[in-house]
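Survey of secondary and tertiary structure
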Amino acid sequence: MADGNSETKSSNQMWGGRFASGPDAIMEEINASIGFDKKLYAQDIRGSIAHATMLAHQGIISTEDKDKIVHGLNTILSEIESGAFEFSRRLEDIHMNIEARLATLIGPAAGRLHTARSRNDQVALDFRLWVKEELQRTEKALTALIAAFLDRAEEHADTVMPGFTHLQTAQPVTFGHHCMAYVEMFGRDRSRVRHAIEHMDESPIGAAALAGTGFPIDRHMTAKALGFAGPTRNSIDTVSDRDFALEFLSMASITATHLSRLAEEIVIWSTPQFGFIRLSDAFSTGSSIMPQKKNPDAAELVRAKTGRINGSLVALLTVMKGLPLAYSKDMQEDKEQVFDAAESLELAIAAMTGMVRDVTIRTDRMKAAAGSGYSTATDLADWLVREAGLPFRDAHHVTGRAVALAEQKACDLADLSLADLQSIHADITDKVFDVLTVEASVASRTSFGGTAPNEVRKQIAWWRARN
Ligand code: ARG
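Only a predicted model underlies this, so the values are computations on that prediction, with no experimental measurement involved. (Residues numbered from 1 in each chain as written. Predicted model: local features only at pLDDT ≥ 70, side-chain atom pairs only at ≥ 80, totals over all residues. Heavy atoms only, no water.)

1. Quick word on helix H13 (residues 363-371)
Just so we agree on the cut-off: Classification of residues uses two cut-offs on accessible area relative to the type maximum, computed with a 1.4 Å probe and protein chains only: under 20% is buried, over 50% is exposed, and between them is partly exposed. Numbering of helices and strands runs from the N terminus; a helix is a DSSP stretch of H or I covering at least four residues, while a strand is a stretch of E covering at least two. The directions considered for the arc run from the helix axis to the C-beta atoms. Throughout, a residue-residue contact means that at least one pair of heavy atoms, one from each residue, lies within 4.5 Å.
Along H13, the residues classified as buried are Met366, Ala369 and Ala370. The buried residues of H13 all sit within an arc of 105° when viewed along its axis, so they share a single face. Opposite the buried face of H13, by more than 90 degrees, sit the exposed residues Asp364 and Ala368. Turning to H13, the residues buried within the fold contact strand S1 (160-165), strand S2 (168-174), helix H7 (175-199), helix H10 (243-269), strand S6 (360-361) and helix H17 (438-444).

2. Description of the pattern of salt bridges
The line we're drawing: Counted as salt bridges are all cases of a side-chain nitrogen of Lys or Arg within 4 Å of a carboxyl oxygen of Asp or Glu.
Following the criterion strictly, the structure yields 29 salt bridges and no others. Close ionic contact of Arg119 with Glu92 constitutes a salt bridge, the shortest N to O distance being 3.2 Å. Of the two residues, Arg119 is situated in helix H6 (residues 119-155) and Glu92 in the loop between helix H4 (63-82) and helix H5 (94-106); the sequence distance between them amounts to 27 residues. For Glu92, a relative accessible area of 5% translates into the label buried. Connected through salt bridges with shared partners, the residues Glu92, Asp93, Arg119 and Lys329 form a single ionic network.

3. As for the packing of H10 against helix H11 (residues 297-320)
Our working rule: All axes are obtained by fitting lines to C-alpha atoms, using only the stretch in contact for helices, and the reported angles, taken between N-to-C directions, cover 0 to 180 degrees. Note on angle classes: values under 35 degrees are labelled roughly parallel, values over 145 roughly antiparallel, values of 65 to 115 roughly perpendicular, and the remainder oblique. Each crossing gets its hand from how the near helix is turned against the far one by less than a right angle, where anticlockwise is left-handed and clockwise is right-handed. Nonpolar residues are Ala, Val, Leu, Ile, Met, Phe, Trp, Tyr, Cys and Pro. Charged residues are Asp, Glu, Lys and Arg, and all others, Gly as well, are polar.
For the pair H10 and H11, interaxial distance at closest approach is 8 Å and the crossing angle is 155°. Relative to H11, H10 is oriented roughly antiparallel. As H10 packs across H11, the resulting crossing turns out to be left-handed. Among the residues forming the contact of H10 with H11, the class breakdown is 16 nonpolar, seven polar and three charged.

4. A closer look at the site of the ligand
We count it as follows: A molecule or strand has a residue near it when one of that residue's heavy atoms lies within 4 Å. Under the rule applied, a polar contact is a pair of N or O atoms within 3.5 Å (in protein, one hydrogen donor and one hydrogen acceptor; residues adjacent in sequence only if both atoms are side-chain atoms). Shrake-Rupley sampling with a 1.4 Å probe provides the accessible areas, and residues are treated as covered by the protein chains on show and by no other component.
Around the ligand sit Ser33, Asp37, Asp93, His95, Arg119, Asn120, Val123, Tyr327, Gln332 and Lys335, and that is every residue in its neighbourhood. Arg119 is positioned such that a nitrogen or oxygen atom in its side chain is 3.3 Å from a nitrogen atom of the ligand. For the ligand, a nitrogen atom lies 2.7 Å from a polar atom in the side chain of Gln332. Against a free-state accessible area of 340 Å², the protein chains account for coverage of 86% of the ligand.

Right, dumping it as structure tokens:
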């Protein structure tokens, strides 16, 4: 490009009329956004083509000028995609970089493109289009992650493991049921993505600087051409609204928080002490000094990315909280937060999907752990209520004494003799041993949404019909 990165202090060609000299070098540095907003080039060109087409359709510019503009913009698109385009910091942002190049390519007709529009509605459009497309990618990525969990849940609908509260053994559950808990979490994330897409499905272009325009534009036409349900309804709100970015970051933060909880379980479960899972070589690393080690680095990094993503949400909320209506340059700080969070989230979901698909489930270890820690104590208490007619609180007390006895004998509840149990409560019969195994325990939890394998299979089928 002719004017490249020239350091001359000539005044800006877009507003040179009012300015005698160009910006100080520091001004240029703090002001320029081209370093990051060049990511919006495709959206900017698409928006400009839709705008120029509408201007010609409405008789605001000639068809001849429109054709030149569209042709020039398509040339610029291929220049950028082939790497031939030279971005200039002096031209501040993607909008002015493209417009200046258009002027070089097609001459004075380029000056008509900015009729009835401002960079304020232009950037709102470009960024919204980008976020919408990113949300569509996120939706697909979450669907793949959910599918990975559904497969593992199906495979392990009968695999018993300890369920935890406070990370202390609570009651036996199935690994399939545990997987389906994540399906619910990521399913909610996916519906947040879908809602966010719906919320932002309005076209900003035509709001102009903030007040709309006197030119007879057709905002419904540009909205339709750009794939929006319709135009936004208030021009002041349109150029000052960044809710679409905040909704993206909120969704990303909640999703990242879910991914981080999963990552934490992977880290804990892959330790030799737990040994519930074995990570594939593809998603772990070794140690340069300790040959025995296999480290869950991918899971740890997913956990860490959550900090960055949550940080981006807080950063943009903080940028926005003090801004009077309508546009302020502060809002230029929206993009890096969203771009960084989007990249981190995409990577984190992809890494997790790979780990979930590849991980080896150590069913023997899970089963052994499921039976330890007196995990069927609630089953004994429930049996006393059902079969011996005790009030639950009394049954709880009797069971507590049985646990204490087992602890004293260093054995499991199921290993106590009938005489041991009858010494605690005379009404206990040998039928009680039927409920003290982990398999019997999980099979009995048939309430809707419970851990019984058949219940879990029903939930898998429900999700499969929706995935
Ligand atoms: N680079 C700017 C941004 O990202 C574009 C809008 C500039 N508008 C303005 N009135 N200076 O927000």
